[in-house]
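The residues making up each chain are set out below.
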Amino acid sequence: MILTELLKSMRRFSRSKSCWARNFFFISAFVLMFLLFSGCNSSGDEGGVAAEEETPVVEVPLVQEPVVEPEPFLCPFCGEAIPENSIYCFRCGKKIEDFGREEPWHSLSSLDELVGLWLAEDGARINYPDFSLQKDSRMLSFSWPEESVTLTWAQYAEENGLSLNDMWEKRNIYRAAIHGEILADENGSQLGFILRRDSLGDIYARRQLFVPEKIVRDNLLFFIVSPDGNAIRTNGLFRFFSSICFTLEGSESVYKKGVEQ
């Protein structure tokens, strides 16, 4: 109603010819428009605020990532867990930065590098020089792992009505009967069995091959020695240059320098 009456008054003033009436008309029109626009903007703002207040807020739960424990630092030589910035391993004593710098294994340059008793984990042995044949010439011996033959000897004694103790007293005779004759070639190599009896009376046999030094010298490439000179491996084929067919092939077994027990 107020707006209608105001519009009627403005029309009456607009028809007036006086200057102040026309000025009043324009001023009133400007004030009316200002009030109308101000009201619209206020209504819009209130609606916007209301809309924002009515919009529900969705809370997204935080997902906590699992804590990953760092992997332990292991010694590259022995595998012991050690502090990451260690210079030396407290277990094996080796310097960490030296890993991968090891010198390679190499072939023998002379028989002097082969001197000693070399023992493998399975009981095999290499011995140079070996004088157990009681010969003046220097020999090298290959020995295979020892085996218990007590039952074999006891059966032979029972079948032939013999005493095991008497057989042992004459063991060189019965060794050939039970294990076969010693094989020998024209170069002096010999293949046979070495016997041993312990305090309990059990008998053990070890196959052993004796090779003269001159044949060993022609097979230096068969042996590979570690950088520190404390271990050897065999490689390829050991050649006997013999009419008797001895066969000896290298393996990856490691023989470490040791002492006869």
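Residues numbered from 1 in each chain as written. Predicted model: local features only at pLDDT ≥ 70, side-chain atom pairs only at ≥ 80, totals over all residues. Heavy atoms only, no water.

Chemist: Could you give an account of the side chain of Thr234, naming the residues involved and the relevant values?
Modeler: Following the sequence through the fold, Thr234 ends up in strand E12 (residues 231-234). One polar contact links the side chain of Thr234 to the main-chain amide nitrogen of Ser251, over a distance of 2.9 Å. Setting aside its immediate chain neighbours within four residues, Thr234 contacts Ile126, Phe222, Phe223, Gly250, Ser251, Ser253 and Tyr255. (Helix = DSSP H or I, 4+ residues; strand = E, 2+ residues; numbered from the N terminus. Polar contact = N/O pair within 3.5 Å; in protein donor to acceptor, adjacent residues only side chain to side chain. Contact = heavy atoms within 4.5 Å.)

Chemist: Lay out the pattern of salt bridges with the relevant residues and their values.
Modeler: Under the criterion given, the structure shown has 6 salt bridges. As a salt-bridge pair, Glu213 and Arg217 come within 3.4 Å of each other at their nearest N and O atoms. Here Arg217 and Glu213 lie together in helix H6 (residues 213-217), a separation of 4 residues that amounts to about one turn. The closest approach of N and O atoms between Arg233 and Glu252, which form a salt bridge, is 3.6 Å. A residue pair is termed long-range when its members are at least 10 positions apart, and Arg233 in strand E12 and Glu252 in the loop between strand E14 (248-249) and strand E15 (255-258) qualify at 19 residues. Among the ionic contacts, a cluster of salt bridges with common partners joins Arg138, Glu213 and Arg217. (Salt bridge = Lys/Arg side-chain N within 4 Å of Asp/Glu carboxyl O.)

Chemist: Could you give me a rundown of helix H5 (residues 171-179), with the residues and numbers involved?
Modeler: What H5 keeps buried is the set Tyr174, Arg175, Ile178 and His179. When H5 is viewed along its axis, its buried side chains cluster within an angular range of 115° and face the same direction. Exposed side of H5, more than 90 degrees from the buried face: Asn172 and Ile173 are the residues found there. Where H5 terminates, the next one or two residues include Gly180, which has phi positive at roughly 100°. (Buried < 20%, exposed > 50% of the residue type's maximum accessible area, 1.4 Å probe, protein only. Arc of directions from axis to C-beta.)

Chemist: Pulling in residues and values, what's your account of helix H3 (residues 150-159)?
Modeler: Within H3, burial applies to Thr150, Trp153 and Ala157. On an axial view of H3, the arc spanned by its buried residues comes to 70°, and they lie on one face. Residues of H3 that are exposed and angled more than 90 degrees away from the buried face: Leu151, Glu158 and Glu159. Packing partners of the buried residues in H3 comprise strand E7 (147-148), helix H4 (164-169), H5, strand E9 (190-197) and strand E10 (203-212). Residue Gly161 follows H3 closely and has a positive phi angle near 60°.

Chemist: Describe the environment of Ile82, and please don't skip the residues or the numbers.
Modeler: Among the secondary structure elements, Ile82 is positioned in strand E2 (residues 81-82). Judged by its relative accessible area of 6%, Ile82 is buried. Sequence separation between Ile82 and Pro72 is 10 residues, and the spatial gap between their C-alpha atoms is 7.4 Å.

Chemist: Please set out the side chain of Arg175 residue by residue, giving values where relevant.
Modeler: Note on placement: Arg175 falls in helix H5. At 2.5 Å, the side chain of Arg175 and the side chain of Asn172 are in polar contact.

Chemist: Tell me about the packing of H3 against H5, and name the residues and values.
Modeler: Relative orientation and spacing of two packed helices are given, respectively, by the angle between their axes and the distance between those axes. Packing of H3 against H5 brings their axes to within 11 Å, and their N-to-C directions diverge by 100°. Put simply, H3 runs roughly perpendicular to H5. Residue-level contacts link Thr152, Trp153 and Tyr156 of H3 to Arg171, Tyr174, Arg175, Ala177, Ile178 and His179 of H5. Its residues placed into classes, the contact of H3 with H5 shows 5 nonpolar, 2 polar and 2 charged. (Axes fitted to C-alpha atoms, helices over the stretch in contact; angles between N-to-C directions. Parallel < 35°, antiparallel > 145°, perpendicular 65-115°, else oblique. Nonpolar A, V, L, I, M, F, W, Y, C, P; charged D, E, K, R; others polar.)

Chemist: Got a sec to walk through the packing of aromatic side chains? Specific residues and values, please.
Modeler: The way to describe two aromatic rings as a pair is by their centre distance and the angle between their planes. Under the definition given, this model contains 9 aromatic pairs. Ring centres 5.3 Å apart and planes at 85° place the aromatic pair Phe222 and Phe238 in the edge-to-face group. Of the two residues, Phe222 is situated in the loop between H6 and strand E11 (223-225) and Phe238 in strand E13 (residues 237-238); the sequence distance between them amounts to 16 residues. Each of the two residues, Phe222 as well as Phe238, counts as buried. Aromatic rings pair up to connect Phe142, Phe222, Phe223, Phe238 and Phe240 into one cluster. The ring centre of Trp144 lies 4.2 Å from the NZ or CZ of Arg207, which sits over that ring. The lysine or arginine in question, Arg233, covers the ring of Trp105, its NZ or CZ lying 4.2 Å from the ring centre. (Phe/Tyr/Trp six-rings, centres within 6.5 Å; stacked < 30°, edge-to-face > 60°. Lys NZ or Arg CZ within 6 Å of the ring centre and 35° of its normal.)

Fair warning: the whole summary comes from geometry, so function is off the table for now.
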